Amino acid sequence: MTYHSGRHFLQLPGPTNTPERVLRALSKPTIDHRGPEFKELTPRLLEGMRWLFRTEQAVFIYPASGSGAWECALVNTLSPGDKVLSFQQGFFASGWTNVARSYGLEVQVEPWDPRRGLTPEAILNVLEEGERGDEIKAILLVHNETSTGVTTDIKAIGRALRESGHPALLLVDSVSSLAAMDYFHDDWGIDVTISGSQKGITLPPGLCVVAASARALQAHDSARLPRSYWDWSAQLEFNEQGVFPYTPATNLLYGLDEALSMLREEGLSNVFARHAEFGEATRAAVQAWDLELFALNLREASNALTAVLVPEGYNADDLRAVILNRFDMSLGTGLGDFKGDLFRIGHLGDLNRLTLMGTLAGVEMGLALTGVPHSQGGVAAAMKHMMKGVIL
Ligand SMILES: *Cc1c(COP(=O)(O)O)cnc(C)c1O
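Residues numbered from 1 in each chain as written. Predicted model: local features only at pLDDT ≥ 70, side-chain atom pairs only at ≥ 80, totals over all residues. Heavy atoms only, no water.

> Outline the overall build of the protein, supporting the account with residue identities and numerical values.
The secondary structure content of the protein amounts to 14 helices and 14 strands. For the protein, the C-alpha radius of gyration of 21 Å lies close to 21 Å, the compact-globule estimate for 392 residues. Split into buried and exposed, the 392 residues of the protein put 58% on the buried side. Taking contacts inside the protein between residues at least 6 apart in sequence as the whole, the part at least 24 apart equals 73%. Of the roughly 16,400 Å² of accessible surface on the protein, a fraction of 52% belongs to carbon and sulfur atoms. Computing the positive centroid from 33 side-chain charges and the negative centroid from 46, the protein places the two 4 Å apart. (Helix = DSSP H or I, 4+ residues; strand = E, 2+ residues; numbered from the N terminus. Rg over C-alpha atoms; globule rule 2.2 N^0.38 Å. Buried < 20%, exposed > 50% of the residue type's maximum accessible area, 1.4 Å probe, protein only. Contact = heavy atoms within 4.5 Å. Areas by Shrake-Rupley, 256 points an atom, 1.4 Å probe, with all protein chains shown as cover. Lys, Arg positive; Asp, Glu negative; His and termini not counted. Charge placed at Lys NZ, Arg CZ, Asp CG, Glu CD.)

Encoded structure:
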């Protein structure tokens, strides 16, 4: 490997850049996970996660990746043979349905254009299909589909579902939306929200977090899918005492403590406004380049990442390789069916205006070097947009 001076640009939509403060917190010596100091940390973290999920109900923290949390949501609320509903939102939505199938759930996957956000109507149409709709026990949705850069209006869906009176549980993946855009677990009527540490929360990979409503806890009482490690009962019982039923990822928990402090210091509304500005500036650049956003509707284009299609006959991974080799920047690849067709610019987590400008400059130079047909001026367009947000 060639040596690159300066800092690597990790502009993936996860894992994201870990701030210095969090790195320092991670490097503290590991303590007794049953000792008095640890027993003060646990309740502070659970309270912090309640604040981030905007919930007053149960929250859980596990040492696992986001995919583990998918499993956690299912095994705690459902029984073998239960029917669950999902839509073709993209790579992560299908990942979750694969887990559901492995556990013997009956998964109904409805077709959907992954370039658009899911609508309440699409869901209600299925739920209102008579007996077939009545049988649905849970709906699995992805808030921000990281493979497509399309955000779904979960608030509207939550409201429509509650108004319909249908008893299905609403399970939502917020892995790449939590701490990057508005999310209200309680107000939106979500039953289980799952997320991970390595995206908006800015920790390295390794923790997953889960919020569960009272309805979800009630479902847990009669759910019969096999569960052990993920069982909410043990977790609740031990968390009550300030500890975990196993050896927790102590150092990642230090990091979480610091990351939550940083989010509080910045203020969640400022965090979300920053992400919105970065999303808009990036889209302004893509437009100026005359490239195509994967998201068809600007309103649904994600503020956490931007998925950009490359023209026919060009390979997005060749572009990514040149950008990595020449400018030491990692961009997200096309996942699943989109491999080679698009690249993804991550703009969530710990970054500022100049980090984003450097990122966009790297993309613009990469486009020129690889001969991908485009117009110049994307960086200039992003700067122009960004300056509107700067108050002198
Ligand atoms: C990253 C991601 C996941 C998977 O998380 P892992 O930590 O890689 O297991 C799930 N859902 C979405 C939307 C994601 O962005």
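Having put the structure on the table, let's press on.
> An account of the site of the ligand is needed here, citing residue identities and associated values.
Around the ligand, the structure places 13 residues, and the nearest of them are Ser65, Ser67, Thr146, Asp173 and Lys199. The backbone of glycine 66 places a nitrogen or oxygen atom 2.7 Å from an oxygen atom of the ligand. The contact in question runs from an oxygen atom of the ligand to an N or O atom on the side chain of glutamine 198, over 2.7 Å. Burial of the ligand by the protein chains amounts to 88% of its free accessible area of 380 Å². Ranked by residues supplied to the shell around the ligand, first place goes to helix α3 (residues 66–77) with 3 residues. Among the residues forming the shell around the ligand, the class breakdown is 4 nonpolar, 7 polar and 2 charged. (Near = heavy atom within 4 Å. Polar contact = N/O pair within 3.5 Å; in protein donor to acceptor, adjacent residues only side chain to side chain. Nonpolar A, V, L, I, M, F, W, Y, C, P; charged D, E, K, R; others polar.)

> Break down the environment of serine 176 for me, citing the residues and quoting the values.
When you line up the elements, serine 176 lands in the loop between β8 (169–173) and β9 (192–196). C-alpha separation for the pair serine 176 and leucine 260, spaced 84 residues apart in sequence, amounts to 16 Å. Serine 176 has contacts with Asn144, Thr146, Met181, Lys199, Ala304 and Leu348, leaving out every residue within four places of it along the chain. Here the side chain of serine 176 touches threonine 146 through a polar contact of 2.7 Å, side chain to side chain.

> Break down α3 for me, with residues and values.
With 12 residues, α3 extends 17 Å between its outermost C-alpha atoms, agreeing within 8% with the 16 Å of an ideal straight helix rising 1.5 Å per residue. Most of α3 is tucked away: 10 of the 12 residues are buried. Here α3 has its buried residues at Gly66, Gly68, Ala69, Trp70, Cys72, Ala73, Leu74, Val75, Asn76 and Thr77. (Expected span 1.5 Å × (residues − 1).)

> Just give me the short version of helix α13 (residues 353–370), but keep the residues and values in it.
In a regular helix each residue adds 1.5 Å, so 18 residues correspond to 26 Å; α13 covers 26 Å between its end C-alpha atoms and thus fits that length. Considered for burial, the residues of α13 that qualify are Thr355, Leu356, Met357, Thr359, Leu360, Gly362, Val363, Glu364, Gly366 and Leu367. On the buried face of α13, the contacting elements are β1 (9–11), α11 (268–288), α12 (316–327), β13 (329–331), β14 (342–346) and α14 (378–388). You can read the cap of α13 off the contacts: a side-chain oxygen lies 3.1 Å from the backbone nitrogen of leucine 354, and it is on asparagine 352.

> Please set out the packing of aromatic side chains residue by residue, giving values where relevant.
Going through the model one piece at a time under the given rule, you end up with 14 aromatic pairs. When the centroid spacing of 6.2 Å and the interplanar angle of 75 degrees are considered together, the rings of phenylalanine 38 and phenylalanine 244 count as edge-to-face. Here phenylalanine 38 is found in helix α2 (residues 36–53), whereas its partner phenylalanine 244 is found in the loop between α9 (232–240) and α10 (250–266), with 206 residues between them in sequence. By relative accessible area, which is 2% here, phenylalanine 244 ends up buried. (Phe/Tyr/Trp six-rings, centres within 6.5 Å; stacked < 30°, edge-to-face > 60°.)

> Could you give an account of the pairing of β14, naming the residues involved and the relevant values?
Counting buried positions along β14 yields 5 of 5 residues, so the element is predominantly enclosed. Pairing between strand β12 (residues 305–309) and β14: 5 bridges, direction antiparallel. Among the inter-strand pairings, valine 308 is bridged to a residue of β14, identified as phenylalanine 343. (Pairing = 2+ DSSP bridges.)

> Would you mind going over the side chain of asparagine 17 in detail, with residue names and values included?
Here asparagine 17 is to be found in the loop between β1 and α1 (20–26). Judged by relative accessible area, which is 11%, asparagine 17 ranks as buried. A distance of 3.3 Å separates a polar side-chain atom of asparagine 17 from the backbone oxygen of leucine 10. Of the polar contacts made by the side chain of asparagine 17, one reaches the side chain of glutamine 11; its length is 3.3 Å.

> Residue-level account of unusual backbone geometry, with values.
Cis geometry marks the peptide bond from glycine 14 to proline 15, where omega comes out at -5 degrees. Within the secondary structure, proline 15 is located in the loop between β1 and α1. Even without glycine at this site, alanine 179 takes up a positive phi of about 70 degrees. Within the secondary structure, alanine 179 is located in the loop between β8 and β9.

> With reference to specific residues and values, describe the domain arrangement of the protein.
Parsing the protein into structural domains produces domain 1 (20–264) and domain 2 (267–387). Just the C-alpha atoms count here: the centres of domain 1 and domain 2 sit 28 Å apart. Listed by partner, the interface residues are 27 residues for domain 1 and 27 residues for domain 2. Taken over both partners, the interface formed by domain 1 and domain 2 buries close to 2,200 Å², and the fraction arising from carbon and sulfur atoms is 63%. Between domain 1 and domain 2 we count 1 salt bridge in total. The salt bridge partner of arginine 115 is glutamate 292, with a shortest N-O separation of 2.8 Å. When contributions to the side of domain 1 that touches domain 2 are tallied by element, the ones reaching two or more residues are α2, α4 (91–102), β7 (150–151) and α10. (Domains from an automatic or database assignment. Buried area = accessible area lost by both parts, 1.4 Å probe. Salt bridge = Lys/Arg side-chain N within 4 Å of Asp/Glu carboxyl O.)

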